[in-house]
Amino acid sequence: MCTASGNEDDHIGNEVSAGAAYRSLRILAAATWALTGPATAADLTATEPSDATGRGSNVFQHYCAICHGTSADGDGRAAKLYDPRPANLKASRATDAYKELIIRRGGLHVGRSGFMPAWEQELTGMETRDVVAYLRSIVVK
Amino acid sequence: MIKHLAVVLAIACSGIAECAEFEVGQVNKEFTVTELKVKVGDTVSFKNNDPFAHNIFSLSDAKSFDLGAYQFGQMRKVVFDNAGTVEVECALHPGMKMTISVTK
């Protein structure tokens, strides 16, 4: 169940924000789905995904797609600002640990572009791991 | 919430015309002003007043920029050197948006 482990959430920062409200709604939706189950396929898409890949996709589209693109191919609408361009994540051969590190600490921390910001103040630990799970699922083998 | 007013500081530019400088804060994942009108040559200072980083950028034709991520208390300045409408966003907080109208 997607949000069963509250102790996995090691969110940094004390801000009360739209992001926090968004996460609360996701937890509520997930709990409702778990109790009632989906009546139709449309219900599934309308509620919180129960798997890390699905949740990670949502986080990716909300925060990452602006640079990395909705298809994670590095062609987001902001990509034109950057040289080097944002990474094509479908072609990434990096390990999950590396991906988690660069997401949390940013590009400079791993010797890459400083335009990749550090997300650890904005994304919870669970959200970061979900994004990594999503990125693993989209790699073109 | 009482919005902070943009602070206008009139300074003398190196040219003949006088240029102004405006300050726009980032507070609670929002810009302290959502619409700002400036003249060509004016400067806008983006100051982070939140306890976490912001990454302000724009993709607008009139002025595109990326200020990079910066922390509480830090400020980044942008000179608006072309007329037009500039849509300003934050890469870390997709809901943060403001518009700067630049006129001659």
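Refer to the structure printed above.
Since we're looking at a predicted model, the values are computed, not measured.

(A) Spatial organisation of the sheet that holds strand β10 (residues 97–103) of chain B. Residues and elements named next belong to chain B. An order of β4-β10-β9-β6-β7 is seen for the 5 strands of this open sheet, with the pairing classed as mixed. Every interior strand has two partners, whereas the edge strands, β4 (35–39) and β7 (64–70), have only one. Direction aside, neighbouring strands of the sheet carry axes that sit 20° apart on average. Two elements, strand β9 (residues 84–90) and β10, share 6 bridges in a ladder whose sense is antiparallel.

(B) Representation of helix α3 (residues 52–68) of chain A. All names here are of chain A. Taking 1.5 Å per residue, 17 residues should reach 24 Å; α3 reaches only 19 Å between its end C-alpha atoms and comes up short. Of all the bends in α3, the largest measures some 55° and sits at His62. Buried within α3 are the following residues: Gly54, Arg55, Gly56, Val59, Phe60, Tyr63, Cys64, Ala65, Ile66, Cys67 and His68. At the C-terminal side of α3, Gly69 shows a positive phi close to 90°.

(C) Structural context of the pairing of strand β2 (residues 18–27) of chain B. Residue and element names in this part refer to chain B. Taken across its 10 residues, β2 has 8 buried, putting it largely inside the fold. Sheet topology places β2 next to strand β5 (residues 43–48); 6 bridges connect them, and they run parallel. Bridged to Val24 within β5 is Phe46. Here 2 bridges tie β2 to strand β3 (residues 30–31), and the two strands are oriented antiparallel to one another. Each bridged residue has a counterpart across the sheet, and for Gln26 the counterpart in β3 is Phe31.

(D) Focus on the packing of aromatic side chains. Residues and elements named next belong to chain A. Summed over the entire model, instances satisfying the criterion amount to 6 aromatic pairs over all chains. With a centroid separation of 5.3 Å and 45° between ring planes, the pair formed by Phe60 and Tyr134 is classed as tilted. Of this pair, Phe60 sits in helix α3 while Tyr134 sits in helix α5 (residues 125–138), placing them 74 residues apart in sequence. You'll find Phe60 and Tyr134 in the same group, each marked buried. Seen in terms of ring centroids, Tyr82 and Phe115 are 4.8 Å apart; in terms of plane orientation they differ by 45°. Their pairing is tilted. You can see Tyr82 sitting in the loop between α3 and α4 (96–105) and its partner Phe115 sitting in the loop between α4 and α5, a full 33 residues away along the chain. Tyr82 sits in the buried class, given a relative accessible area of 7%. Residue Phe115 is classed as partly exposed on the basis of its relative accessible area, which comes to 37%.

(E) Fine view of the pattern of salt bridges. All names here are of chain A. This structure, assessed with the given rule, holds 10 salt bridges over all chains. In this structure, Arg136 and Asp96 form a salt bridge, with 2.8 Å as the shortest nitrogen-oxygen distance. Of the two residues, Arg136 sits in helix α5 while Asp96 sits in helix α4, which places them 40 residues apart along the sequence. Classification of Asp96 as partly exposed rests on a relative accessible area of 28%. Residue Glu120 pairs with Arg105 through a salt bridge whose shortest N-O separation is 3.1 Å. Here Arg105 lies in helix α4 and Glu120 lies in the loop between α4 and α5, a separation of 15 residues in the sequence. Accessibility expressed as a relative area gives 42% for Arg105, which makes it partly exposed.

Parameters at a glance
- Residues numbered from 1 in each chain as written.
- Chains lettered and ligands numbered in written order.
- Predicted model: local features only at pLDDT ≥ 70, side-chain atom pairs only at ≥ 80, totals over all residues.
- Heavy atoms only, no water.
- Pairing = 2+ DSSP bridges.
- Helix = DSSP H or I, 4+ residues; strand = E, 2+ residues; numbered from the N terminus.
- Axes fitted to C-alpha atoms, helices over the stretch in contact; angles between N-to-C directions.
- Expected span 1.5 Å × (residues − 1).
- Bend = angle between axes of the 7 residues up to and from the residue.
- Buried < 20%, exposed > 50% of the residue type's maximum accessible area, 1.4 Å probe, protein only.
- Phe/Tyr/Trp six-rings, centres within 6.5 Å; stacked < 30°, edge-to-face > 60°.
- Salt bridge = Lys/Arg side-chain N within 4 Å of Asp/Glu carboxyl O.

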